[in-house]
Amino acid sequence: MRVIVYVDGFNLYFGMKSKYKNVKWLNIHSLALKLLKPNQELVNVKYFTARIANNGNNKERRQSLYLDALNTTDIEIYYGHYNSKPKECFSCGNIIKDNEEKMTDVNIATQMIIDGFTDQYDLAMLISGDSDLVPPIREIKNHLPEKRIIVAFPPNRITKSLKKEAHGNFIIGKSKLSTSQFPNTIEIENGINLIRPIQWYE
């Protein structure tokens, strides 16, 4: 059974962050392989995210480092974007900039539908707890009844609507996350090393 894994990057990240320590240096491709059953073959992993924009601060640098690490593996990365909009602070009344992630759910839905109609998978595994992804799952089931869709929920990200709509679901446990980590130092070309951020040991 051919499997494509679709990963909602921020949903997975914040789910892990909310429950477990020391698992953010995650090798997505390694995790995807661990989620398969013996009769399943991984044919692709598609990772969806958006680059944060915080004027070069540590969070932005850590994300860039992590994306460089992911690019050493056999996955495809799809980017949405952040919209910056003014937001009023309820406590002090000041106007601050608030960054909002856009396009991730649309990009996931588009790829799942295109891949389904072009017969790229037998089973689509969605790593997300975002209920906005219920409509594409429903349409794939309606128009491509031979395709199966399984939802792998990140920690603390279970949603009843996704659970109800998919053919099956499970929660990604700590052991699979812990055993799917990159090495602390990743050697890449030209003698450059990617080193796990010190904050991600905590």
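Everything here concerns the structure above.
Residues numbered from 1 in each chain as written. Predicted model: local features only at pLDDT ≥ 70, side-chain atom pairs only at ≥ 80, totals over all residues. Heavy atoms only, no water.

A. Summary view of the nonpolar core. Among the nonpolar cores identified, the biggest contains 35 residues, and Val 5, Ile 28, Tyr 47, Tyr 66, Leu 70 and Ile 127 are the most heavily contacted of them. Of all elements in the fold, only β1 (2-8), α1 (9-19), α2 (28-34), β2 (41-49), α3 (58-70), β6 (123-127) and β7 (148-153) reach the threshold of two or more residues within this core. Tallying contributions element by element places α3 first for this core, with five residues. Ile 108, Ala 124, Ile 137 and Val 151 belong to the second largest nonpolar core, which has 18 residues in total. (Core = buried A, V, L, I, M, F, W, Y, C linked by side-chain atoms within 4.5 Å. Buried < 20%, exposed > 50% of the residue type's maximum accessible area, 1.4 Å probe, protein only. Helix = DSSP H or I, 4+ residues; strand = E, 2+ residues; numbered from the N terminus.)

B. Focus on helix α4 (residues 104-117). End to end, α4 covers 20 Å across 14 residues, agreeing with the expected 20 Å (1.5 Å per residue, within 8%). Residue Asp 119 follows α4 closely and has a positive phi angle near 55°. (Expected span 1.5 Å × (residues − 1).)

C. Representation of the layout of surface pockets within the structure. Considered as a void within the structure, the second largest pocket measures approximately 150 Å³ in volume. In terms of lining, the second largest pocket is formed by Leu 35, Lys 37, Gln 40, Leu 123, Met 125, Arg 148, Ile 150, Gly 168, Asn 169 and Phe 170. Looking at the lining of the second largest pocket, the elements that each hand over two or more residues are β6, β7 and β8 (168-171). The element contributing the most residues to the lining of the second largest pocket is β8, with three residues. (1 Å grid on protein atoms, 1.4 Å probe; cavity = no way out; pocket = protein on both sides within 12 Å on 5 of 7 lines; lining within 4 Å. Points joined across faces, edges and corners; volume = space filled by probe spheres on them.)

D. Molecular detail of the sheet that holds β8. Read from one edge to the other, the open sheet built from six strands follows the order β3-β2-β1-β6-β7-β8, with strand pairing classed as parallel. Only two strands of the sheet have a single partner each, and these edge strands are β3 (76-79) and β8. Put simply, the sheet's adjacent strands are angled 20° from each other on average, direction ignored. (Pairing = 2+ DSSP bridges. Axes fitted to C-alpha atoms, helices over the stretch in contact; angles between N-to-C directions.)

E. Main features of unusual backbone geometry. With a phi angle near 65°, Asn 22 is a residue other than glycine that sits in the positive phi range. Topologically, Asn 22 is positioned in the loop between α1 and α2. A relative accessible area of 34% places Asn 22 in the partly exposed class. With a phi angle near 60°, Asn 156 is a residue other than glycine that sits in the positive phi range. Tracing the backbone through its elements, the reader meets Asn 156 in the loop between β7 and α6 (160-165). Classification of Asn 156 by relative accessible area gives partly exposed; the value is 49%.

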